[in-house]
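Survey of secondary and tertiary structure
Residue strings, one per chain:
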Amino acid sequence: MNDTDAGPGATPEAAGPDAATRCGFVALIGAPNAGKSTLTNALVGTKVSIVSHKVQTTRALVRGIALEGTTQIVLVDTPGIFAPKRRLEKAMVRSAWGGAGDADAVALLIDARVGITEEVEAIMRGLAQVKRPRAVILNKIDLVKRDSLLELAAKVAEHITIDRVFMISALEGDGLVQLRQWLVEVLPEGPWLYPEDQISDAPMRMLAAEITREKLFHRLHEELPYRSTVETDSWQERKDGSVRIEQTIFVERESQRKIVLGKGGETIKAISMAARKELAEIVEQPVHLFLFVKVRENWADDPERYREMGLEFPDAD
């Protein structure tokens with residue numbers, strides 16, 4: 001029985017005693033909003049990375065763990081790579097390139113609707129220095145005509161030498177079988193790094209904070225979500241089988257705090273309800289979620305906040 005015969009999610013033993021296991025890290029890089037988080041979740045088969053139509057949603061490296069036969073694929077969903085201005089943005093971009101440099105294979109996602117922008121060209125120049133298996137993934141093909149896709153693939157080939165070009169729709173699932181097969185081929189032989197039922201290496205406290213931050217993105221608009229962060233203060237397993245979670249939403253000004261709370265507390269209630277519902281589905285337990293909103297001026301310049309997000313605190317220029 002070979003790798004593909006074992007099927008997604010199979011244990012190494014299910015593939016037979018002679019089947020070699022494979023395991024490796026795959027960095028997904030690209031400009032903001034290319035669909036990296038959606039692809040990570042699609043390959044893992046469940047949600048491990050927050051998704052928003054707003055750019056720069058992912059801040060730190062998020063590792064999702066997918067299984068394909070006897071291969072364990074550790075997907076590193078990186079922050080979008082762009083020209084950073086603020087300190088937090090610099091930390092995000094540094095984190096993204098760090099993930100690419102440490103991976104066994106690298107895949108550049110390009111929004112097929114947008115094509116090769118200046119940002120994508122800059123990423124390609126950086127990717128040319130990465131000496132490991134490389135692929136370009138044209139995402140959102142369900143929204144683009146075939147002729148335009150073929151033209152875009154030809155332009156990619158003019159810019160960079162890569163191993164493969166994939167055309168996929170992460171949202172619809174198109175093209176993912178071929179992508180999985182390539183990852184099985186290029187990742188090194190070796191033992192699995194995580195238990196077979198583990199889908200992410202992020203602690204539940206961090207994932208819970210990210211889910212609440214996603215609801216902030218969905219509920220609020222313009223600049224506020226980028227000026228806010230969420231931390232899980234406590235996670236208590238109760239005797240009745242439920243979980244009590246306390247989180248703090250940090251903003252930079254009192255005016256922002258009032259926006260998060262909303263008139264009569266309506267906004268914070270809606271955010272809490274949406275986050276609690278999704279958390280309960282993930283942990284498969286009743287969840288009691290308590291949100292607090294605090295003003296912490298210049299939290300984006302506080303090294304402790306960066307450690308909470310798993311980012312390296314960059315020096316100021």
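Because the structure is predicted, anything quoted here is derived from the model rather than measured.

Counted according to the given criterion, the structure contains 11 salt bridges. The partner of Arg 113 in a salt bridge is Asp 111, with the nearest N and O atoms 3.0 Å apart. For Glu 210, the salt bridge identified is with Arg 213, shortest N-O distance 3.0 Å. Here Glu 210 pairs with Arg 213, and both are found in helix α7 (residues 204-219), just three residues apart, close to one helical turn. Each member of the salt-bridge network shares a partner with another, and the members are Asp 111, Arg 113 and Lys 140.

What follows deals with the pairing of strand β4 (residues 105-111). The buried fraction of β4 amounts to seven of the seven residues, a majority that puts the element mostly inside the structure. The alternating pattern of β4 places Ala 105, Ala 107, Leu 109 and Asp 111 on one face and Val 106, Leu 108 and Ile 110 on the opposite face, and all of these are buried. The sheet contact formed by strand β1 (residues 22-30) and β4 spans five bridges and is parallel. When the bridges of β4 are listed, Leu 28 appears paired with Ala 107.

As a further point, take the nonpolar core. Core analysis: the largest hydrophobic core is formed by 23 residues, its most contacted members being Val 26, Leu 39, Leu 75, Ile 137 and Leu 179. Contributions of two or more residues to this core are made by β1, α2 (36-44), β3 (71-77), β4, β5 (134-139) and α6 (176-186). Ranked by size, the runner-up nonpolar core spans 22 residues in total, among them Ala 27, Ile 29, Leu 149 and Val 156.

To continue, consider α7. The first and last C-alpha atoms of α7 sit 23 Å apart over 16 residues, in line with the 22 Å expected at 1.5 Å per residue. Residues of α7 that are buried make contact with β7 (229-237), β8 (243-251), α8 (254-261), α9 (266-283) and β9 (287-295).

Another point: the confidence of the model for the protein chain. In the predicted model, the protein chain carries a mean pLDDT of 81, and 74% of its residues have values of at least 70. Strand β6 (residues 164-167) holds the highest mean pLDDT among the elements of the protein chain, 96, whereas helix α1 (residues 3-6) holds the lowest, 38. Below a pLDDT of 50 lies the segment residues 1-10, which in the model reaches 22 contacts outside its immediate sequence neighbourhood of four places, other chains included.

Let us look at unusual backbone geometry. The residue Asn 33 is not glycine, and still its phi comes out positive at about 70°. Along the chain, the position of Asn 33 falls in the loop between β1 and α2. Asn 33 gets classed as partly exposed once you look at its relative accessible area, which sits at 30%.

The next subject is the packing of aromatic side chains. Following the criterion strictly, the structure yields one aromatic pair and no others. Just above the ring of Phe 290 sits the side chain of Arg 244; from NZ or CZ to the centre is 4.0 Å.

How each quantity is defined
- Residues numbered from 1 in each chain as written.
- Predicted model: local features only at pLDDT ≥ 70, side-chain atom pairs only at ≥ 80, totals over all residues.
- Heavy atoms only, no water.
- Salt bridge = Lys/Arg side-chain N within 4 Å of Asp/Glu carboxyl O.
- Helix = DSSP H or I, 4+ residues; strand = E, 2+ residues; numbered from the N terminus.
- Buried < 20%, exposed > 50% of the residue type's maximum accessible area, 1.4 Å probe, protein only.
- Pairing = 2+ DSSP bridges.
- Core = buried A, V, L, I, M, F, W, Y, C linked by side-chain atoms within 4.5 Å.
- Expected span 1.5 Å × (residues − 1).
- Contact = heavy atoms within 4.5 Å.
- pLDDT = per-residue confidence, 0-100.
- Phe/Tyr/Trp six-rings, centres within 6.5 Å; stacked < 30°, edge-to-face > 60°.
- Lys NZ or Arg CZ within 6 Å of the ring centre and 35° of its normal.

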